[in-house]
Structures are given as C-alpha cells and as structure tokens.
Amino acid sequence: MTFKKILLAILVLLVPINAFAAGECGLSCCIAGASSSGVTLASRFGISLQYEYSYMKPLKEGSTEVAPGYVLDKKFAEGATEYKVPLEMIMQKYSLIGSYPVTSNFMLIGIVPYVINDMIMRHRIGSSAMDMKMDTVSGIGDASLVAFYTFYQDEPVRPTLRFSGGVGIKTPTGSSSMKDKNGQLYHAMMQPGSGSWDPLFMVNGMAFLDPIWLQANIFYHLTTKGDSGYEFGDQLSADVISRYQLFNYINIGLEVNGVYAGKDKDHNGRFTKSNALLDDTGNTGLSAVYVTPAIQVKIPNTGGSLEIKYQQPVYQNANGIQQVIDWRVFASITWNF
C-alpha cells in the first residue's frame, strides 16, 4: 500500500460514524467552512465572508418524527394546562473570518458572527391553540480566536500534504440575556451569544491527490457556564471533506459532517419553564449525520473564490423532543492575499 493510500485511510478513520452528532453545528460550521474555503492557505492574510441559512421544522422524539399536535396532546395528558411548541425556526448567520500567518507554520484565525433568529410558535391553552410569530432576535454573536499550527507540510506554498492543529477561545461578545417587550428572556438557543468563555480544540489533515483534494477535521468545543447561568452542552464535531477539480477554476465536492452535542444545564433556572418545549434542558443534546454537496468557483488570476454548499441530514437522534434541522445552505466568498 502506498503512502498516499495509507493517508487516505487515516483521513477516513479519523471520523468514526458513531461519533457523528448534531443539533446545531454552531461554531464548528464556521471552522470547517474556513478551512475548506482555503482561507487557511493565505500567504500574507486571508478574509472570508460566510453566510449560513438553517431551516428547522421537524420535531423528533429520539429518531422518530412527531407532529406538534402529538407533543401538545402528550403534555396535556401529563397534566399541563398550557404549552408551547415551535413550528418553524429560521436561523441565519453571517460570519466574517480572517486569517493571518504569523510564521510559515503558525496562523491566527478570527471569527466574528452576526446572527438573526426567527421562530413561529404554537401556543395551546386548554382546548384553544394559536400560532404566533415570535419577535426576531438578532445581534453580534460570540467572537472566536484560534491559533493554528502546522506540524507538517510538504511544500511551503500550495502544499499537497499537511497536518495541523489548533487551540482557541470563544469570547462572550454576544448578548445572552436579551428580553422581549414584556421583559421575558428569549429562549437560550435564540440568544445571539452564550455569555461564556469557552476553550476550542481542533486537529486537521489535508491531502491533494490530483485532481482530488481531501481534508478531515475534528473539532471540540468545551463549553462553560455563561454569565446568565446557562451552559450549553459540549460539542464534538467531525468532517470529511472532498473536492474534485472539474475544470480549471471549478471544483465540486462532497462532505460528511457531524457534531456531538451534550445536554444543556440551566444552573440558575432563569431559562427553564415547564410550559415550553424549548425551555426544558431535557430536550437538548442529540446526534446526527449530514451529507453536504458543494461547488467552488475560483476567480481566475486572483486569490478569490466563491463556494455554495447544501447540507441535508441523513440521521438525527434527539434527547427528549426537539425541533431539528430540515436543511441548511452555506455561501461564502474568500480572498487570499
């Protein structure tokens, strides 16, 4: 077996199928998007603007899809007199990503997100139910800084083989205590930020087997308690990314993505309510596998490129009952200098 074949096997084995898990890909999507867009290959500095549109509609109890009426009937049978379930959620995120090579082997990557969250809720009181659109929640999210070190690459410019790793920090720049016009806290998952300082860890392997480019990422987000008392579950994500050079300036690709999300904790009980699905931490933490086709267009004779990706879940298993991703789209423009 040749060295390149051994490398390919290692890249595949880095992401065991039973480790895939996700509800929201969160920060890992930005990191994976930055690395696959090529912003980490900048020789002086690189910049990328990434847009993410997530459409959430299905409700799942474990791996079984259930209807909103089923959830309401179940809660009322358990004694509830009032209950709210989400019908539809749209989560948008703009992320400005910058990379700066400090040395030939050491790079800093900064990420600043802006989030826009919309949701439609069904509210049942007794035998009456009403659908209502919640206020849009938007604002600057939590910025992150990652120090990325290349342990090995075979060429200083446009390497065909590279192994890297990184550590970083997610900062609490986004608000985690926004309230509606009635003075009530928005749901924790709707808040632009988490209010916590979180360590980040990443390992990465890349190989170019002309005309195929391969990459594997493993990313771990160690969450801590935010200033609002809420702590999101730790996240472990993994990606296998492939790109094929279809024409001189056009690449097509396919990815397999996943994130493991642990259960949330509401230490101070500020967000926990018994009458809303989204405000019960028993309905947090899940596992999933995603498949993501992509197309990438390079701008001739420049350091610029455009990329569009469509993400489709092929497996989702939720703790309790949760609203999960139906589909997600990413679009990005990257420029390396």
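Structural data are supplied above this passage.
In this text the structure is predicted, and so the values were computed from the model without any measurement. (Residues numbered from 1 in each chain as written. Predicted model: local features only at pLDDT ≥ 70, side-chain atom pairs only at ≥ 80, totals over all residues. Heavy atoms only, no water.)

Peer 1: Before we move on, could you go through the pattern of salt bridges and cite the residues and values that matter?
Peer 2: Throughout the structure, instances matching the rule amount to 12 salt bridges. Within the structure, one salt-bridge network assembled from shared partners comprises R243, E255, E307 and K309. (Salt bridge = Lys/Arg side-chain N within 4 Å of Asp/Glu carboxyl O.)

Peer 1: Would you mind going over the side chain of Q191 in detail, with residue names and values included?
Peer 2: Looking at where Q191 falls in the secondary structure, it is placed in the loop between strand 8 (161–170) and strand 9 (198–209). When its relative accessible area of 6% is taken as the criterion, Q191 is described as buried. A distance of 3.3 Å separates a polar atom in the side chain of Q191 from the backbone nitrogen of S177. Sequence-distant contacts of Q191, defined by excluding residues within four places in its chain, comprise N117, S175, S176, S177, M178, L185, Y186 and F271. (Helix = DSSP H or I, 4+ residues; strand = E, 2+ residues; numbered from the N terminus. Buried < 20%, exposed > 50% of the residue type's maximum accessible area, 1.4 Å probe, protein only. Polar contact = N/O pair within 3.5 Å; in protein donor to acceptor, adjacent residues only side chain to side chain. Contact = heavy atoms within 4.5 Å.)

Peer 1: Any details on the environment of E307? Residues and values, ideally.
Peer 2: Take E307: it is sitting in strand 16 (residues 304–318). Overall, E307 belongs to the buried group, its relative accessible area being 5%. Considered as a pair, E307 and A294 are 13 residues apart in the sequence and their alpha carbons are 7.1 Å apart. Within the structure, the side chain of E307 is placed 2.7 Å from the side chain of R243, a separation counted as a polar contact.

Peer 1: Can you explain the nonpolar core? Please cite residues and give values.
Peer 2: Across soluble globular proteins, nonpolar side chains show a tendency to be buried alongside one another. Counting 12 residues, the largest nonpolar core is built from M56, M89, M91, M119, M121, V137, Y186, M190, L278, A288, Y290 and I325. Every element with two or more residues in this core is listed here: strand 3 (82–101), strand 4 (106–125) and strand 15 (286–298). Leave out the neighbours within four places in its chain, and L278 touches P86, M89, M119, M121, H187 and M189. Grouped together as the second largest cluster of nonpolar side chains are 10 residues, V39, I111, M202 and F219 included. (Core = buried A, V, L, I, M, F, W, Y, C linked by side-chain atoms within 4.5 Å.)

Peer 1: Mind laying out the packing of aromatic side chains, listing which residues take part and the relevant values?
Peer 2: Tallying each qualifying case throughout the model produces eight aromatic pairs. A ring pair is formed by F45 and F337, whose centres lie 4.6 Å apart and whose planes are at 20°; its orientation type is stacked. Here F337 lies in the segment after strand 17 (321–336) and F45 lies in the loop between helix 2 (27–37) and strand 1 (46–61), a separation of 292 residues in the sequence. On the basis of relative accessible area, F45 is assigned to the partly exposed category, the value being 41%. Three or more aromatic residues joined by ring pairs form one cluster here, namely Y53, Y55, Y310 and W327. The ring of F76 has R124 lying over it, and the distance from NZ or CZ to the ring centre is 4.0 Å. Positioned over the ring face of F330 is K309, at 5.2 Å from the centre of the ring. (Phe/Tyr/Trp six-rings, centres within 6.5 Å; stacked < 30°, edge-to-face > 60°. Lys NZ or Arg CZ within 6 Å of the ring centre and 35° of its normal.)

Peer 1: Please provide a residue-by-residue account of the environment of S228, values included.
Peer 2: Relative to the assigned elements, S228 resides in the loop between strand 10 (212–221) and strand 11 (230–231). In this structure S228 comes out as buried when scored by relative accessible area, which is 2%. Along the sequence, S228 and S194 sit 34 residues apart, while their C-alpha atoms lie 8.1 Å from each other. Discounting chain neighbours no more than four positions away, the residues touching S228 are S176, N268, R270 and F271.

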